[in-house]
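# Reading the structure
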Amino acid sequence: MTKGPIRLADIAKAAGVSQGTASNVFSRPEIVREEVRERVLGIARDLGYKGPDVKGRLLRAGKFNAIGVASLEPLSYFFDDPWARTMMKAVSDVCDETGTGIALVSARNQQKLAWNINSALVDGFILLCVKEGGRLVDLSRQRQVPCVALALENAEDGFPIIEIDNRKGAEAAARHLAEFGHKNFAILAITHRSAVPGTVKPEAVTSAMSSSARLRIEGYFDALRDFDINPQDVAIHATLNDKKSVVNALEALFSAPEPPTALLAMSDRIALYVIQWLTERGISVPNDVSIIGFDGVPEAALSTPALTTMQQPFEDIAAKAVSAILNDEELASSQILDVKLVLRNSTAPPRSFSASLI
């Protein structure tokens with residue numbers, strides 16, 4: 001009986017074949033004669049050999065044929081959030097076409113962050129919607145593998161980013177509603193997880209919002225000024241992109257003497273919560289209140305009414321990100337892609353209304 005761990009060389013010797021042939025039994029069994037294959041596998045079972053060290057083989061090869069996707073959000077974010085879910089589907093579709101695997105990497109636990117990044121068997125990382133992610137960026141760089149972020153707060157040193165034109169997209173969203181004749185606007189924004197949701201003054205936007213949220217607010221204001229709407233007259237409510245904080249914002253907005261007739265939502269998720277809340281209170285969308293979202297997730301087309309939104313180019317973003325990693329491409333520090341207005345049924349010209357809202 002062989003002492004210590006059973007090695008591939010031990011199996012080859014016991015089976016009377018070369019180590020190369022024994023290796024092929026496990027890695028390329030189709031090229032080994034059936035009787036030889038069965039003999040090697042039988043001896044492996046008898047000796048308790050479970051197969052070659054996959055990690056070691058991959059390390060020697062220098063390629064894992066897999067991409068890591070990391071976020072500072074909990075792993076449930078990849079499945080619960082409509083934007084993250086849609087982005088992951090786009091990345092998965094590209095990986096399916098190339099036969100590439102995906103590994104979800106949790107960066108939520110800071111104590112295990114370094115281990116999770118360094119031990120992931122991947123050829124590179126897509127950093128998904130990263131806010132306050134300096135340590136995650138540093139660790140990804142230390143792996144010395146290709147990395148690309150799909151959003152990055154306070155990007156430095158030319159770290160490659162593929163992002164959307166938030167300001168231009170938001171400008172188009174506000175312009176769409178203003179062209180209908182709306183004058184009474186409110187913004188439902190997304191703030192940092194560490195921040196307290198609630199009313200935000202325009203002058204406090206810089207400290208309360210992420211860079212993407214700030215750009216969207218600036219884009220909204222760009223359009224509204226063209227229609228002689230003063231940003232100081234636009235209510236801004238910061239939310240955590242969850243139902244509770246959105247409902248709190250709506251209760252405040254619609255208990256006011258003159259509730260808004262036009263709502264600018266920074267995500268489709270927020271907009272869908274709004275539609276549900278208004279509908280439950282008998283407030284018609286879009287006859288009483290128009291709302292436009294931002295993202296273009298599949299759920300937006302299925303709501304009642306279907307949500308007008310700014311569509312992100314998910315497939316293009318995913319293709320560029322996956323290609324950058326698999327082909328070890330040198331990306332420019334930032335690639336900014338356009339979004340487009342998708343017209344559905346949640347926006348219309350305003351009409352005056354009064355209702356018992358709370």
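Presented here is an overview of the structure given in this document.

How each quantity is defined
- Residues numbered from 1 in each chain as written.
- Predicted model: local features only at pLDDT ≥ 70, side-chain atom pairs only at ≥ 80, totals over all residues.
- Heavy atoms only, no water.
- Axes fitted to C-alpha atoms, helices over the stretch in contact; angles between N-to-C directions.
- Helix = DSSP H or I, 4+ residues; strand = E, 2+ residues; numbered from the N terminus.
- Parallel < 35°, antiparallel > 145°, perpendicular 65-115°, else oblique.
- Left-handed = near helix turned anticlockwise from the far one by under 90°.
- Contact = heavy atoms within 4.5 Å.
- Nonpolar A, V, L, I, M, F, W, Y, C, P; charged D, E, K, R; others polar.
- Buried < 20%, exposed > 50% of the residue type's maximum accessible area, 1.4 Å probe, protein only.
- Pairing = 2+ DSSP bridges.
- Arc of directions from axis to C-beta.
- Core = buried A, V, L, I, M, F, W, Y, C linked by side-chain atoms within 4.5 Å.

## Thoughts on the packing of helix α6 (residues 82-98) against helix α15 (residues 314-326)
- For the pair α6 and α15, the least separation of the axes is 9 Å and the interaxial angle reads 50°. Comparing their axes, α15 and α6 come out oblique. You can see that α6 and α15 cross each other, and the crossing is right-handed. Of α15, the residues touching α6 (which contributes Trp83, Thr86, Met87, Ala90, Val91, Val94, Cys95 and Thr98) are Phe314, Glu315, Ile317, Ala318, Ala319, Val322 and Leu326.
- Across the contact of α6 with α15, the residue classes tally to 12 nonpolar, two polar and one charged.

## Brief notes about the pairing of strand β6 (residues 185-190)
- Within β6, six of the six residues are buried, which leaves the element mostly enclosed by the surrounding structure.
- By the alternation rule, side chains of β6 split into Phe185, Ile187 and Ala189 and Ala186, Leu188 and Ile190, which are all buried.
- Here β6 runs beside strand β8 (residues 235-239); their pairing, made up of five bridges, is parallel. Following the sheet pairing, Ala189 is matched in β8 by Ala238.

## What about the packing of helix α12 (residues 243-253) against helix α13 (residues 268-280)?
- Relative to each other, α12 and α13 sit at 55°, their axes nearing to 10 Å. Classed by the angle they form, the pair α12 and α13 counts as oblique. As α12 runs across α13, the sense of the crossing is right-handed. Contact residues: Lys243, Val246, Val247, Leu250 and Glu251 in α12; Ile270, Tyr273, Val274, Gln276 and Trp277 in α13.
- Across the contact of α12 with α13, the residue classes break down as seven nonpolar, one polar and two charged.

## Some words on helix α2 (residues 19-27)
- Listed in full, the buried residues belonging to α2 are Ala22, Asn24 and Val25. Relative to the axis of α2, the buried residues are bounded by an arc of 155° and lie together on one face.
- Elements that come into contact with the buried residues of α2 comprise α1 (8-15) and α3 (34-47).

## With respect to the nonpolar core
- Core analysis: the biggest nonpolar cluster contains 78 residues, and Ile126, Leu128 and Met209 have the highest contact counts within it.
- Here the element with the most residues in this core is α6; it accounts for eight residues.
- Ignoring sequence-local partners within four residues, the contact set of Ile126 consists of Ile67, Gly68, Val69, Ala70, Val91, Val148, Leu150, Ala321, Val322 and Ile325.
- In terms of nonpolar packing, the next biggest core, distinct from the first, is built from 18 residues, Ala66, Leu127, Leu136 and Val137 among them.

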